[in-house]
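Results of the structural survey
Listed here are the chains, written in short residue letters.
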Amino acid sequence: MTTSNPRFNDLTKSVLIKHQLIAANILLFFCVLAYINLDNEVLNIIQSSVADAYIAVSSFVAGTLLIFYSLEKFLNFDVGVFLKKYPKLEIIGCSFLGALPGCGGAIIVMTQYTRGKISFGSVVATLTATMGDAAFLLIAKKPLVGLFVRTTGFLVGIISGLLVNLLHGKFFLRLTGCQIIKRYASTSKKYKQSKNLEYLWLFFMLPGIVIGILSAFQIDLNSFFTNRFVKDPVLLFGFVAGSLCFFMWLLPLLHGYKIHISDNNDTLKNRTISDTNFVTGWVILAFLAFELSVHFSNIDLSIIFNTYLYLVPLISILIGLLPGCGPQILVTTMYLSGVIPLSAQLGNAISNDGDALFPAIAIHPKAALIATLYSSIPAFIISYLYLFIFEANIFWF
């Protein structure tokens, strides 16, 4: 019989995990050093991608999540109680939660489903309406387009949910008591972040939100802060702060910790930091994947996609079927770069389920598969209608 030795476990724990703040400060030091001393085209692409991800997206995400989680906590709003009290608003409410930027609202709905409290039609409505964390990127870069895509997803989600309940009934694929017990019986060790590292994160994020807002209004902050030592201080700030977010997101993954979706049991600070870092990590990877692939291949992707215009929405819809936000952020990045048309972005936004699909896959794989396939049907219809009417000019009114 073996016994656990806390002292031995502490000694064998990774040095990076034990000394997170020191490791983060060393990383930031090398980031500053690289910015000042290195002048390389690839490094410039990396710096600008990380900085752009932080200033244009992360600051917006952090501010939005802080407001959303604060209202949820201080108003003591329970979705399950609300849906039970107003059952006629179930699908509308679930579609609305799905349409909110990020995966938080959709995950709330999926949590209610894993507890057997809502219908399968509500799951389809949510997964159809949600765009995941890619919504933050789209809204931050093109607010009006983001509002149009989110509104479309919300309305399509309601219609899809109602049709599914009419077709299958409200109790189709409803979880059994054994499945619900199994869902909450499984536990795994949760990663614990250094408090000092969190304070360092806040030290960067608070001014980062201000910089992000001012940059969104096209205010040139470099004209105020440029000096003889640093020619682009905003880029330096964004690169260092974005690197910190990426490091905090990557560290637990490298050491085998399972990423836990934040919930009401976590503190407001922990939820905001964790979810913001998650979005930032995928946005940085998407930016780098796009910018570096274009740089090294020297291929104009817009020419390729324009040549096969009618297949682009279908490809985007198929990518949307992949669980997780990473591939979807890449699709949104390509749209914002002018590589793919809005019809493809619409199709991906409706078909993708973000991280909300993971809880369903873990507990009820069959329901998850059917729900995500159902969401691809309206995605195909809406995407190609928009393509034929507004982009390909097949129909003329």
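Calculation rules
Residues numbered from 1 in each chain as written. Predicted model: local features only at pLDDT ≥ 70, side-chain atom pairs only at ≥ 80, totals over all residues. Heavy atoms only, no water. Helix = DSSP H or I, 4+ residues; strand = E, 2+ residues; numbered from the N terminus. Contact = heavy atoms within 4.5 Å. Areas by Shrake-Rupley, 256 points an atom, 1.4 Å probe, with all protein chains shown as cover. Salt bridge = Lys/Arg side-chain N within 4 Å of Asp/Glu carboxyl O. Axes fitted to C-alpha atoms, helices over the stretch in contact; angles between N-to-C directions. Parallel < 35°, antiparallel > 145°, perpendicular 65-115°, else oblique. Left-handed = near helix turned anticlockwise from the far one by under 90°. Nonpolar A, V, L, I, M, F, W, Y, C, P; charged D, E, K, R; others polar. Patch = residues over 30% accessible without salt bridge, like charges linked within 9 Å, V, L, I, M, F, W, Y side chains within 5 Å. Core = buried A, V, L, I, M, F, W, Y, C linked by side-chain atoms within 4.5 Å. Buried < 20%, exposed > 50% of the residue type's maximum accessible area, 1.4 Å probe, protein only. Arc of directions from axis to C-beta. pLDDT = per-residue confidence, 0-100.

Check the secondary structure of the protein chain and you find 21 helices and 0 strands. Once local pairs closer than 6 in sequence are excluded, the contacts in the protein chain between residues at least 24 apart make up 84%. For the protein chain, the accessible surface area stands at approximately 20500 Å², while carbon and sulfur atoms represent 69% of it.

As a further point, take the pattern of salt bridges. Per the stated rule, a full pass over the model turns up 2 salt bridges. For the salt bridge of Glu198 with Lys269, the shortest nitrogen-to-oxygen distance reads 3.2 Å. With Glu198 in helix H12 (residues 195-216) and Lys269 in helix H15 (residues 268-297), this pair connects stretches of sequence that are 71 residues apart.

The next thing to look at is the packing of helix H8 (residues 120-129) against helix H21 (residues 365-391). Relative orientation of the contacting elements H8 and H21 amounts to 55°, with a least axis distance of 9 Å. When the interaxial angle is binned, H8 and H21 end up oblique. Considering only the axes of H8 and H21, their crossing is right-handed. Contact residues: H8 offers Phe120, Val123, Val124, Leu127 and Thr128, while H21 offers Ala367, Ile370, Ala371, Tyr374, Ser375 and Pro378. Class assignment of the residues belonging to the contact of H8 with H21 gives a composition of 9 nonpolar, 2 polar and no charged.

Below, the discussion takes up a nonpolar patch on the surface. On the surface, a cluster of nonpolar side chains totalling about 840 Å² of accessible area is made up of Tyr308, Leu311, Leu314, Ile315, Leu318, Ile377, Phe380, Ile381 and Leu385. Of all elements in the fold, only helix H17 (312-320) and H21 reach the threshold of two or more residues within the nonpolar patch. Among the elements that take part in the nonpolar patch, H21 stands out by supplying 4 residues, more than any other. Positionally, Tyr308 belongs in the loop between helix H16 (301-307) and H17.

Counting residues in each nonpolar core, the largest one holds 67 residues, and the members touching the most others are Tyr54, Val149, Trp201, Phe204, Leu244 and Ile340. Counting residues in each nonpolar core, the second largest holds 18 residues, with Leu97, Met110, Val124 and Ala371 among its members.

For H17, the set of buried residues is Val312, Pro313, Ser316, Ile317 and Gly320. The arc that holds every buried residue of H17, seen down its axis, measures 135°, which confines them to one face.

Examined against the element boundaries, Thr276 turns out to sit in helix H15. Taking the C-alpha atoms as reference points, Thr276 and Ser58, 218 residues apart in sequence, are found 6.3 Å from one another. Beyond its immediate chain neighbours, meaning those up to four positions away, Thr276 contacts Ser58, Val61, Ala62, Leu65, Trp201 and Met205.

The predicted coordinates should not be examined in detail at positions where pLDDT is low. Per-chain confidence: the protein chain averages 79 in pLDDT, with 78% of residues scoring 70 or above. Confidence over residues 1-12 falls short of pLDDT 50; this stretch has 2 contacts with residues more than four positions distant or in other chains.

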